[in-house]
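So the chains spell out like this:
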Amino acid sequence: EKLGRIRVEGEVFPNTLPTFYSCLYRALLFPRKFFEYDEQNQPIYYSPYDGKVHKGVMYTDNGFWDTFRSVHPLFTMIYPEITEGVLQSLINVYNESGFLPEWASPGHRNCMIGNNSLSLITDAWQKGFRNIDAKRALEAMLNQTQAQGPVSSVGRNGYEAYHMLGYVPYPDYFESSAKTLEYAYADWCLATFAKSIGEEKIAEEYFQKAQNYRNLFDPQIGFMRAKNKRGEWIEPFEATEWGGPFTEGCSWHYTWSVFHDVEGLAQLMGGYEVMSQRLDSMFSAPNTFNYGTYGFVIHEIAEMVALNMGQYAHGNQPVQHAIYLYNYLKQPWKAQQRIREVMCRLYSATPDGYCGDEDNGQTSAWYVFSALGFYPVCPGTAEYVLGSPLFQKATLTLPSGKTFEINASNNSLENVYIKHVLLNGKTFEHNYLTHKQIVSGGKFDLKMSNTPNKKRGVEIDDLPYSYTEKKLEK
Ligand code: CA
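The rules behind each value
Residues numbered from 1 in each chain as written. Predicted model: local features only at pLDDT ≥ 70, side-chain atom pairs only at ≥ 80, totals over all residues. Heavy atoms only, no water. Core = buried A, V, L, I, M, F, W, Y, C linked by side-chain atoms within 4.5 Å. Buried < 20%, exposed > 50% of the residue type's maximum accessible area, 1.4 Å probe, protein only. Helix = DSSP H or I, 4+ residues; strand = E, 2+ residues; numbered from the N terminus. Pairing = 2+ DSSP bridges. Axes fitted to C-alpha atoms, helices over the stretch in contact; angles between N-to-C directions. Left-handed = near helix turned anticlockwise from the far one by under 90°. Contact = heavy atoms within 4.5 Å. Nonpolar A, V, L, I, M, F, W, Y, C, P; charged D, E, K, R; others polar. Salt bridge = Lys/Arg side-chain N within 4 Å of Asp/Glu carboxyl O. Phe/Tyr/Trp six-rings, centres within 6.5 Å; stacked < 30°, edge-to-face > 60°. Lys NZ or Arg CZ within 6 Å of the ring centre and 35° of its normal.

### Section: the nonpolar core
Note on soluble globular proteins: their nonpolar side chains tend to be buried together. In terms of nonpolar packing, the biggest core is built from 147 residues, with Ile 6, Phe 20, Trp 256, Leu 372, Phe 374, Leu 396 and Phe 444 touching the most fellow members. The element contributing the most residues to this core is helix 8 (residues 176–196), with twelve residues.

And the structure:
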């Protein structure tokens, strides 16, 4: 019943049908239901947060650092019953522990970083989910950014410094630059949520904070890096150095972590062409590394080296949205080619069919979305950025009972490029679909080709959402 909600047909690369359904299966394994039913058949659970029994639902075993990216967006599109339960569960955890969860297993676990619970709430809200008390949700979100929880992964580690300096300083806080970048995105999520419920003042304050990613971008070298509390860059800098101010990655992976403002990042880098070349250089750079503060080769490093795609480390989460960023830079064809290469080279339906940690379905959900031909680069925007569909046909059975059909005619191993697109029979030039366009049902007809169409998706209106106003470039 679950797998059947997405039907794919017409392989253009051998064995991708079993790979697709293996990925979809794994994307649906988590989160785990942590509730049962009482004698009146009402949901009831033991809370790992306050040790009491409550009416309602509780979900667990989910690291939002991984799953905010595309697992939860997949639920909002096709499996709304999971999203509805998760939203209630988030508020229940806040009620019982004073904080939103970030890595539940089954209670607060001290694991990973960020305030990605805010992404889940805002993304669901922007896509029309309303089964939570908005005021209570906003209170929980604000609290998550203004206090440290019972463990450092919950609430906001380094919040005083972040709000005072506009970044988390190093080495006062471990993984400080990764935290800064993720907090800035969370602040954008909070602002977006606040704005949508009419809390303009809070929205304004947090949209400002969401620009804090700028504080760690060094225009001299074009990378995100670490600063100390006096505002000085931490020396020496090595883009290939893992750990320290970064989380399971290096600057090559975190420099792209500005989901909500790719335009702002592009302007910092010096324009679309410069940023596009920087993305290219991630693939052409040697796959060398310095294991930094880890002190040994962590498996994420070993995976990057084994993939042999330069500094591109698809085996771990921080960089998994990066290829899609070409769509913001008026070069969507580069995304189409590289996404197809990743799908065909790095995934298979065999015991070694994953290129790294599967991580609660995130590496799988990346494939599911990418095989359909789009991906939620910035959860909270209700936009899906285009890639290159892997099958000749895909049919989504939507919660409303309607269907959204994706037809990729002339699709083949070589024909990875989008020549032209029709949405419900009309020419479609944008590099993104909206949630509404998909869930309303309809037909998305792509004509594929072996040569890039460099005239499609290159106007300002075709580029996906960014907070910073887009500028026309010569
Ligand atoms: Ca991982």
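### Here's the deal with the sheet that holds strand 17 (residues 432–434)
Pairing is antiparallel across the open sheet formed by three strands, whose spatial order is 11-12-17. Of all strands in the sheet, those with a lone pairing partner are strand 11 (374–375) and strand 17, marking the two edges.

### Topic: the packing of helix 4 (residues 80–97) against helix 6 (residues 134–146)
Packing of helix 4 against helix 6 brings their axes to within 10 Å, and their N-to-C directions diverge by 65 degrees. As helix 4 packs across helix 6, the resulting crossing turns out to be left-handed. From helix 4, Ile 91, Tyr 94 and Asn 95 reach across to helix 6, where they touch Arg 136, Ala 137, Glu 139, Ala 140 and Asn 143. Of the residues belonging to the contact of helix 4 with helix 6, the class tally is four nonpolar, two polar and two charged.

### A word on the pairing of strand 4 (residues 43–46)
Working note: regular strand, side chains alternate between the two faces of the sheet. Strand direction decides the pairing type here: strand 3 (residues 36–37) and strand 4, joined by two bridges, are antiparallel. If you follow Glu 36 over to strand 4, its bridge partner there is Ile 44. The antiparallel pairing of strand 3 with strand 4 creates a hairpin that spans five residues between the two strands, and Asn 41 there sits at a positive phi of about 65 degrees. For strand 4 and strand 5 (residues 53–55), the ladder comprises three bridges, and the chain directions are antiparallel. Bridged to Tyr 46 within strand 5 is Val 53. Where strand 4 hands over to strand 5, the hairpin turn is made up of six residues, of which Gly 51 adopts a positive phi near 70 degrees.

### Focus on the environment of Ile 44
Mapping Ile 44 onto the fold places it in strand 4. Exposure remark for Ile 44: the relative accessible area of 22% places this residue in the partly exposed category. Between the C-alpha atoms of Ile 44 and His 54, which are ten residues apart in sequence, the distance is 5.7 Å. Apart from the residues lying within four places of it in its own chain, the contact partners of Ile 44 are Phe 35, Glu 36, Tyr 37, Asp 38, Val 53, His 54, Lys 55 and Gly 56.

### As for the pattern of salt bridges
If you walk through the whole model with that rule in mind, you get 20 salt bridges. Ionic pairing is found between Asp 61 and Arg 32, a salt bridge with its closest N-O pair at 2.6 Å. Here the residue Asp 61 occupies a position in the loop between strand 6 (59–60) and strand 7 (62–63), and Arg 32 occupies one in strand 2 (residues 32–33), the gap between them amounting to 29 residues. A salt bridge links Asp 261 to Arg 214; its shortest N-O distance comes to 3.9 Å.

### Quick look at the packing of aromatic side chains
If you walk through the whole model with that rule in mind, you get 27 aromatic pairs. Measuring from centroid to centroid gives 5.0 Å for Phe 207 and Tyr 467, while their planes differ by 20 degrees, and the two rings are stacked. Linking Phe 207 in helix 9 (residues 200–209) with Tyr 467 in the segment after strand 18 (442–449), this pair joins segments that are 260 residues apart in sequence. Of the residues examined, Phe 207 reaches a relative accessible area of 11% and is grouped as buried. On the basis of relative accessibility, which here comes to 34%, the residue Tyr 467 falls in the partly exposed class. For Lys 227, the ring lying beneath its charged end belongs to Trp 233, and the centroid distance is 4.8 Å. Positioned over the ring face of Phe 283 is Arg 338, at 4.0 Å from the centre of the ring.

### Concerning unusual backbone geometry
With the exception of glycine, the majority of residues adopt a negative phi angle, and the majority of peptide bonds are in the trans configuration. Cis geometry is found at the peptide bond from Phe 30 to Pro 31, where omega equals 0 degrees. Within the secondary structure, Pro 31 sits in the loop between helix 1 (16–27) and strand 2. Put simply, Ser 105 and Pro 106 share a cis peptide bond, and its omega is -10 degrees. Relative to the helices and strands, Pro 106 resides in the loop between strand 8 (103–104) and helix 5 (117–126). At Asn 41, a residue that is not glycine, the phi angle is positive and equals roughly 65 degrees. Structurally, Asn 41 is set in the loop between strand 3 and strand 4.

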